[in-house]
Every structure is written in C-alpha cells, then in structure tokens.
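As a plain string of letters, each chain reads:
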Amino acid sequence: MNVELKPFDQRTAEALADDQLRTTLRTVTTAILGFRKAGLGRLDDSDAWRDHARRLRAHTLSRLDTYLDQFVSNVEARGGHAYYAATAADAVRYVRDLATSKGVKVAVKSKSMVTEEIELNHHLESAGVKVVETDLGEYIVQLAHDRPSHIVMPIIHMNRQQVADLFRAKINATDADLVDIPAMTQLARRVLREEFVNADMGISGVNFAVAETGSITTCTNEGNGRLCTTMPRIHVAMMGIERIVPTVQDLSVMLQVLARSATGQNLTVYTNVVTGPRPRDGDGAEGDGPDEFHVVMVDNGRSRVLGSELAEILYCIRCGACLNTCPVFHQIGGHAYGGVYPGPVGAVLTPAFEGLDAFHELPQASSLCGACKDVCPVRIDIPRMLLKLRADSVDAGKSPWWITYGMRTLGWVGVRPRLFRWAGGLAARATRAMATDGWIRKMPGHLSAWTKSRDFPAMAEVSFQEQWKKKPSSHRKREETRFPGERP
Amino acid sequence: MTADERARMRDVLRSAVGQARLPGAELRHPGPFVRPSVDPKDLAERFTRELTALGGSVHEARGVADVVAIVRGLIPDREPKVMVWDERHLPLPGIGAALAAAGLTILTQEPATARSAQHRRELASASLGLTGADAALAQTGSLVLASGPGRGRLASLLPPVHVALVRRSALIGSLPELIASRPELVTQGANFVAITGPSRTADIEHVLARGVHGPRDVHAIFVD
Amino acid sequence: MSVVAVLERLGFTVECPAGQTCCGQPAFNGGYLDEARALGRHTLDLLSATDDPIVIPSGSCGDMVIHQYEAIFRDDPVYLEKARAIHTRAYEFTQFLVHVAGVSDVGAVFPRKVAYHACCHGLRGLGAKDEPEALLAGVARAERCPLAEADVCCGFGGLFSVKMPDISSAMLGRKLDTIQESGAETIVVTDVSCGMHMAGGLRRRGSRVDVVHIADVLASRVGTT
C-alpha cells in the first residue's frame, strides 16, 4: 500500500513527542465524548436503538449476497449503473475509464474513506483529471499532501496557524482572509464554489446504501455532499460492499444512532438520499441533479474478512466513537496507525485488509480496556478481535522470542504447583535483593522496559499461600449457610 | 452489470457468508423499529426549540405580505436575486408575483441550461432560496425536502440564506416516524434531504464556522 | 489475606484450594492459546473439585475465569462444560459481597482521603461498576475525592506495559496527573496488577500517594476497634 510507511515504533515515538497533538486530542475527544453521551441521552432508550442497529448489521451481513443483488437490481431499474469492484484496481479502473470516456476534466469529491483505501485521487490525477476534495478538512489535507488523522475530524492534528500558512502558500490568501477561522472558511467556500461550478463529475462516499430502492445516503454537515451529488453531470458513489441496509425504515434506525455516536448531533446537517440520476423526460423532468448515476461497490478484501472470524468488524458504521474513547489513540493520534482507518477499528481493519506482516504491532497497541466496545453504537467486540489477531500473530511467528519463551515457561510451570511456588519464591527473593526501600529502580533485560518510567515493587516476604497454610483451621468447618441473594 | 458479473458477485459473497462468524445474526430480518418521540401537542414548540438551538430561526406568517416582509428583511441587497420553488409547490399562492413586486429578481432553473457554468454562477449569485417543506421533524428541528419538477435541490443549497414555508400539518416527531408513515417521500423521488440547521464545520481546531458550502442561515416560516 | 478476613468476618467459611497457579490470562492476552488452555484446564480442574461459590479478588482474573474460559474452550466439550459450570458460581470479590452476601457495609474503617480507579476488566468485562462504589460508600471515615477520568485505562494492559512501554507510560502519565490533581492520599483499585503499575509510577514521581486493593480497605479495622 503506502511504501513510505515508517516503522511503527518511529511513528508512535513521533506522536508521543508531539505535545500539541496530545493536548488537542485530549481536549477535543473529551468534548466530543460529552456530546455523544448527551446526544444518545436525548433518545428515550438509546440502548434499544443500538441493540436493533446491531441486529440489522448482523442480519444484513449474513445475507449480504441477497441484499447487494437486490440493490443492483434497483439501481439499474432507476436508470443508474452499478459495478462490483473485487479489487482496488477494478474500482479505480472503472472510475478512470468512466472519466476518460466522458471527457471529465474536473471532479469534485466529498468524503469517502473507501477512496483513500484505493488511492482514487492519485490514479485519476495520473489520468489527467483534476480531483478536488471539497470537505473542508479533506481539502486542507489535500492541499498539504497529508493524510487525514481521524475518521470524522480529519485535521485534528493541525492548528489554525498551520492552516493559515497553507492557505497563504497555496490559494493566495490575503491577511483579511486569514483573520479568523470563519474568514478562512469563507475563503475556502469561495474557492471551492468555483470548482463546483466547473466540475464534470461528483464523487461521493456512501454512509448507507438501501437495497429496496437502490438509493445511497450521504451524511454531511457542510453541504458539499449535496453539491457533489447534485451539480456535476455525472455522480459516482463509492461504497464499501458492507455499507448497506435492507429498507428505508432500516436506514432511519441507523441514522438515529450514527450522528449521536459520532458528534452528538441528532442528525448531521444534510441527510441526503439519492436514488438514480435526475428524471429527464416529460412532466417528471427535474431541473437539477446529475444525468448519470454510478455506484461502485468496492470489495477490496471485505468479502475475505466477511468469511473469517473478524467478520464483526464489518458491522462498523464509521462513527469514530471508538477513536474518541481509546486511551491509546489519545496518546498516539491517527497517523501512527499507518493505515486508512485509525483507532480501535483500524487496529482490526488494517491487519485484516493488509495482512499482519506489515501491521502486526497494531493489535498489540492496546491495553484491552474495552472502552471501544462500550461506546460502539453497534456493540462491536473489538477486544475479541484484537485477541484473535494476537493469536494469529503468535502462530505466524511474529511474537518476540523472549515473550514466547516466557509464555512457554509459564504454561509449563503453571501446571506444576510445587514448581510454580518454588519459582515464585525465587522471583520474590530476587526482587527483594534488587530492591532499595522495597522498590527496584532498574529491572534486568527486557523487563527494563517496565522501569523506564515506573519502579517495580519487591515481592512480599511471605506469600499468600504460606500465610494461608499457617492460618488457624477455621476453614475446615463447612456449614450449609445461605445468604441473601446467593444462587443455590 | 452483466448477468455473469452479478452471478460472480453473488458467488463470492455467498461463499463468504457461509464461513462468516457473525455474532447476533438472525436469518430473518429483525423487522421495523420506531418509537414515539415527541408529544403531538408539543410538535411546533419542540421544532422551534431544536432549530433555534442550531442557529436557525422560526417565524410565523399570516399571508403572502408577511412572507415578503420577512424575506425582504433577510436580504437587504439593493438588487436581490432569489431562487424560488415553483408556486404549485409552495403553500401560499401568489408568492412569486409578490416577491417580484417587492423588487426581487426571481432566478429560474431551466433543465436545458442547468449545465452551463455561466448559468450555475448566476444561480450561485442568488442571495436567498425559497422553498416549501414536505415535512418538519420536531425531534431534530429538521426540514424535509423531496426533489421534483419545479422543486429543485439547489434552492435550499446554493444561496447563503434558505427560507422554507411550512404547513403545521407537516410537523411530525422524528425521521423514523416519518419514514414509517410516508416512505414514498424517500422511495419515489430522485432526491430526499433532511436539512438540520445551517451548514457548519468544526474541522479547524474544533471551532464552529457556519455556511461552509450550504446556507449559513436557515429560516422556517409557519404559514398557517 | 484481606479478602479472607472480610469474608470470614461476614460469616463465610473460606477454602483456598491448594495447587492454584495462574488463570492463564497473560497467555491468552498474548495470543498464546495453547498455554492459556493448559493453565485454564489446570485451574478449572482445581475449581471443579467442590461446588461452592468461588470468589476472585481480581477483575482481570475474574473476567478470564467467568467469561473467557468459555471462549477458549469453545471446541473442547469437556472443559467447555466445566467452564460453564464455574461461570454460574464464580464471582469477582466486590460483586460477591454486594450480590451474594448482600452487604455494602462490612464494618470497615479507613480514615484517609481516597479516590477510586475503576480497573478495566472488572468494570467492563464483568460490569462491576456499582459494587465497588457501594462498598466504598460503606467505609467509615474515608473521605472520597473525585477522580477525573476514573474509568479511563491506566495503561497497564499486562504485557502491553513492557511490549509498548512508551505508550503505556504516556497513558500512565495521564492517570498519575489526574491522581495528583484529585487530592487523594490513597488510590483504591480492584486489580493488584494495575495497582502495581500505578504505584510504581507514583513512586517514581516521588509521590506519597499509595495504592491499595479494595479488599485491604474493607479489611481495615473490620469489626472491633
């Protein structure tokens, strides 16, 4: 994928050294988590909505073949084109060929993580198409030749000064344009409005496709999603194959939890459902809307993940709540994850899509605290899948030798209690020998990783087992006594 | 897609589904899920509260003259241009003539010329867009607009100010309730949009900025 | 021994099966399923020797025994059965006290300023949210200090603390900042391993705040003065 990816240790070291990033992450994610709680709290029974949303995701994926086929039928019945792209190359080829054959010179784009996966912009530009990101954060990322660092807040890693410098360098911003954030936003609006006016093609993502109608839905706050799907003569919707719901009523259930989980809003400003190109004939002819509607259903490894133990990660509706709550993400930010999808969802998706070889550290970069599973609107059990990936890592020989050695020893000694107690006693004596005032300042070998930032306690003189043996024998009395609440 | 392509797609997916570990998956569709949201007697009040909290405004008008006065007050330009939905889609007859009489230029959207950049720039120069609303959602303060002939999408999108004329009978609790009772709003047309307040972003330093691409100001006028 | 003291004070007869070693969680978390199963079988055999309720004074071991054993023995009918049987009668310590013993005041006296950090496996793996709170509320003379981000992970994560020490330390740093801001003299935890991680960090910072397992708090001055 990305050949210039630095090693994981380096990526995280850079992030951990970036105090501005970590302060911003903490402030913003804390705020957003508060909004999320309030947003879900405004629903009378948010747990019931989430439970149903999960049931919908699970059921839909269990019949994905049927629903996608139904979707294709309906897209075509409404005069649109559907294309199943098994690989990233297939998806790119479809869009590039479409652009070339239709004389597309300028394409405007609204947010789509799938297009990041397949590097669509890069390939279209090689084919001579000017691609303009129109989502403000993505536009800035594009100007900076950077990558988004969060699913819903792409430039959380940048401050206003950096944006101002960028605007000055790339779009001739004057001082008046940069006086404050609203002014900078208005500058971007003017520049991008001209792009919309000239664009031949609009490329959008898909938050949810609807099988029963052949519709796609975009949820945005800025309005660029609506503009991309309305103004250009060709609209191409890029969709991960798993982003589908069976009916419009199901769509409304997912919409009820999506924005609240992401930003705490009841709904994003524009909940935009597109069904086919604009009608052009007779009395039904509409004044605006595209002449052509294409949906590219991108597989790119999703069917392989679907057929695995990791299928549950495909329930994801890309709200970003798991990122906002993850204490690891708070420290290392999005770029350190190295893939398109950061945070807990990325720690599963990236190795699942790209393989463990290049990304085996990601499932290890977690304390398994479970906060992600707690906040996920569809209750995805990310910790379970991280553990599965860790087991796969061990099987693939990716675990450090000293840990494997230690685990084998634990497994061997742990079924021999006398040996275990003897080894424990030995370790306890060793710690007491190394300690001053009951604490060790530097542990030997690999364990020195602990003492980089923490002291290690000397273990007790008398172990629990020894104390237990010395105790008076009240434990030999065994009475039948029931206590309140005790299960029989 | 060709029949072959679809068959191949189905095969790949069916095979994957057969080996998938999908916790909680039921073979049958779990069915619909709707909950009552807002007490019917509170619909208008709740809608007003929600839209106002988002920075939008709610007005009342007792006739065309009121509407024109509100519109005129919102765009103090000397030669204001407005995009307006066709009268048959507005809940008050005679709006077009009244606006023209008040000195506003009404831009019309012709399908044939809709493509030219020049025409689009013209439309984009409008100061205000006036539409109706197919529904108003109280729980979220949203205006629901379905597209069609004479009721284009751009009127509620291009200009910096959007004004929607709303009948009180269009008020309903929430989006799930709306879709349960009137699914054809979504299923029949080429475009359905729920507009929940003014266009906004907080991409830069999480500071709120309005009117990024869509309107900076959203007004709902109850006309009955 | 505090756990034993509290349980006996409440009238329970406590047995501690000899031969217990390790529940296997470190191996399971590391992806070493063979070793996890070996340790799991050993532990299940021991715990299956009687039918009595089992009390586990650790959220992480508790989660392993009560929930994860059923997952790792999914394909082993014999041990799956044992795991299921254990599941119905194994409790984390605070959950046992509140739901089985039906108490929240065990007569403890602990005259210090305390803050409570909710260790992750107990909190989320076992849902032990209200029980430690109820028990702490029943402790006499303890002054409760609110702890910001109390339910955010301290960064221990088992081997994570030495495999990814820099990230672990960064998370620990944040936890220690909130601890120092809380004004507490003692941090109460439900998992000694997380406690060790925080205590080690506090010590390295030269802090006088100590970290104590909730059982030690509850055993403190139990009953007689």
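Attention now moves to the sheet that holds strand S6 (residues 215-220) of chain A. What the eight strands build is an open sheet, ordered S8(A)-S5(A)-S6(A)-S9(A)-S9(B)-S6(B)-S5(B)-S8(B); its pairing is mixed. Unpaired on one side and paired on the other, strand S8 (244-245) of chain A together with strand S8 (171-172) of chain B mark the two borders of the sheet. Relative to strand S9 (residues 270-274) of chain A, S6(A) runs antiparallel, the two being bridged by five bridges. Bridge pairing links A:Ile216 to A:Val274 in S9(A).

Looking now at the sheet that holds strand S1 (residues 81-85) of chain A. Residues and elements named next belong to chain A. One open sheet holds the six strands; their spatial order is S1-S10-S7-S4-S2-S3, and the pairing between them is parallel. Both outer strands of the open sheet, S1 and strand S3 (130-133), are each paired with one neighbouring strand and no more. Adjacent strand axes in the sheet meet at a mean angle of 20°, parallel and antiparallel pairs treated alike. Relative to strand S7 (residues 234-240), strand S4 (residues 201-204) is paired through four bridges, and the arrangement is parallel. Bridged to Met201 within S7 is Ile234. Strands in contact with helix H5 (residues 88-101) are S1, S4, S7 and strand S10 (292-298); relative to S10, the strand with the most contacts, it is inclined by about 165°.

The next point concerns the side chain of A:Thr350. With respect to the helices, strands and loops of the structure, A:Thr350 is situated in helix H16 (residues 343-354). Given a relative accessible area of 4%, A:Thr350 falls into the buried group.

Quick look at unusual backbone geometry now. All names here are of chain A. Its identity as a non-glycine residue notwithstanding, His145 has a phi of 50°, on the positive side. Mapped onto the secondary structure, His145 falls in the loop between helix H8 (136-143) and helix H9 (160-171). You will see that Asn172, though not glycine, has its phi angle at about 55°, which is positive. Within the secondary structure layout, Asn172 lies in the loop between H9 and helix H10 (181-198).

What follows concerns the domain arrangement of chain C. Residues and elements named next belong to chain C. Taken domain by domain, chain C holds domain 1 (2-97) and domain 2 (113-219). The centre of domain 1, based on its C-alpha atoms, is set 23 Å off from the matching centre of domain 2. When the area that domain 1 buries against domain 2 is broken down by residue, the three leading residues are Ser2, Thr94 and Gln95, summing to 33%. The interface formed by domain 1 and domain 2 includes zero salt bridges. The interface formed by domain 1 and domain 2 contains eight residue pairs in polar contact (both at pLDDT 80 or more). With six residues, helix H4 (residues 59-72) is the single largest residue contributor to the side of domain 1 that touches domain 2. A per-class count over the side of domain 1 that touches domain 2 returns seven nonpolar, nine polar and two charged.

So, on to the state of the cysteines. Summed over all chains, the structure comprises zero disulfides over all chains. For A:Cys376, which is in no disulfide, the shortest distance to another cysteine sulfur is to A:Cys319 and amounts to 6.3 Å. The thiol sulfur of C:Cys61 is not disulfide-bonded, and the nearest other cysteine sulfur, from C:Cys23, lies at 4.1 Å. Under the relative-accessibility criterion, C:Cys61 is labelled partly exposed at 29%.

Turning our eyes to something else, we now look at the pairing of strand S2 (residues 106-109) of chain A. All names here are of chain A. Because side chains alternate across S2, one face comprises the buried residues Val106 and Val108, and the other comprises Ala107 and Lys109, equally buried. As paired strands, S2 and S3 are joined by four bridges and run parallel to one another. Within S3, the residue paired with Lys109 across the bridge is Glu133.

Quick look at the nonpolar core now. Residues A:Leu68, A:Phe71, A:Met201, A:Met238, A:Met297, A:Ile313 and C:Ile167 are the most contacted members of the largest nonpolar core, which totals 167 residues. The biggest single contributor to this core is helix H12 (residues 248-262) of chain A, with eight residues. Dropping the residues within four chain positions of it, A:Ile313 is found in contact with A:Val305, A:Val345, A:Val348, A:Leu349, A:Ile380, A:Ile382 and A:Met385. Within the second largest apolar cluster, 80 residues are counted, among which are A:Ile155, A:Tyr270, B:Ala138 and B:Leu143.

Before going further, it helps to spend a moment on the packing of helix H20 (residues 401-413) of chain A against helix H21 (residues 417-434) of chain A. All names here are of chain A. For the pair H20 and H21, the least separation of the axes is 8 Å and the interaxial angle reads 130°. In terms of orientation, H20 and H21 fall into the oblique class. Every residue of H21 that contacts H20 at Leu410, Trp412 and Val413 is listed here: Pro417, Leu419, Phe420 and Ala423. Partitioned by chemical class, the residues of the contact of H20 with H21 number seven nonpolar, no polar and no charged.

Turning our attention to the environment of B:Leu158. Inspection of the secondary structure puts B:Leu158 in the loop between strand S6 (142-146) and strand S7 (161-166). When the C-alpha positions of B:Leu158 and B:Arg88 are compared, they lie 21 Å apart, and in sequence the two are 70 residues distant. Not counting residues up to four positions away in its chain, the partners in contact with B:Leu158 are A:Arg189, A:Arg193, A:Leu227, A:Met231, B:Leu123 and B:Ala124.

What follows concerns the environment of B:Val161. All names here are of chain B. In this structure, Val161 sits in strand S7. For the pair formed by Val161 and Pro23, sequence separation is 138 residues and the distance between their alpha carbons is 47 Å. Excluding residues within four positions of it along the chain, Val161 makes contact with Leu74, Ser127, Leu128, Gly129, Pro215, Arg216, Asp217 and His219.

Let us look at helix H10 (residues 165-182) of chain C. All names here are of chain C. In a regular helix each residue adds 1.5 Å, so 18 residues correspond to 26 Å; H10 covers 25 Å between its end C-alpha atoms and thus fits that length. A large share of H10 lies buried, amounting to 14 of its 18 residues. Looking one or two residues past H10, Gly183 carries a phi angle of roughly 80°, positive in sign.

A complete count under the given rule lists 57 salt bridges over all chains for this structure. Across the pair A:Glu195 and A:Lys130 runs a salt bridge whose closest N-O atoms are separated by 2.9 Å. On the criterion of sequence distance, the pair formed by A:Glu195 in helix H10 and A:Lys130 in strand S3 is long-range, its members being 65 residues apart. Assessed through its relative accessible area of 14%, A:Glu195 is described here as buried. Between B:Asp224 and B:Arg168 there is a salt bridge; the shortest N-O distance is 3.9 Å. With B:Asp224 in the segment after strand S12 (217-222) and B:Arg168 in the loop between S7 and S8, the pair connects residues that are 56 residues apart, well separated along the chain.

At the interface, 111 residues of chain A touch 83 residues of chain B. Each partner contributes to the roughly 8,100 Å² buried at the junction of chain A and chain B, and carbon and sulfur atoms together form 56% of this total. Counting the surface chain A buries against chain B, the share from its top three residues, A:Asp65, A:Arg189 and A:Arg226, is 8%. Where chain A meets chain B, there are 10 salt bridges. Between A:Arg160 and B:Glu205 there is a salt bridge, and its shortest N-O distance comes to 2.9 Å. Where chain A meets chain B, there are 51 residue pairs in polar contact (both at pLDDT 80 or more). Ranked by residue count, the leading element in the side of chain A that touches chain B is H10(A), at 11 residues. Grouping the amino acids of the side of chain A that touches chain B by side-chain chemistry returns 52 nonpolar, 32 polar and 27 charged.

About the criteria used
Residues numbered from 1 in each chain as written. Chains lettered and ligands numbered in written order. Predicted model: local features only at pLDDT ≥ 70, side-chain atom pairs only at ≥ 80, totals over all residues. Heavy atoms only, no water. Pairing = 2+ DSSP bridges. Helix = DSSP H or I, 4+ residues; strand = E, 2+ residues; numbered from the N terminus. Axes fitted to C-alpha atoms, helices over the stretch in contact; angles between N-to-C directions. Contact = heavy atoms within 4.5 Å. Buried < 20%, exposed > 50% of the residue type's maximum accessible area, 1.4 Å probe, protein only. Domains from an automatic or database assignment. Buried area = accessible area lost by both parts, 1.4 Å probe. Salt bridge = Lys/Arg side-chain N within 4 Å of Asp/Glu carboxyl O. Polar contact = N/O pair within 3.5 Å; in protein donor to acceptor, adjacent residues only side chain to side chain. Nonpolar A, V, L, I, M, F, W, Y, C, P; charged D, E, K, R; others polar. Disulfide = S-S within 2.5 Å. Core = buried A, V, L, I, M, F, W, Y, C linked by side-chain atoms within 4.5 Å. Parallel < 35°, antiparallel > 145°, perpendicular 65-115°, else oblique. Expected span 1.5 Å × (residues − 1).

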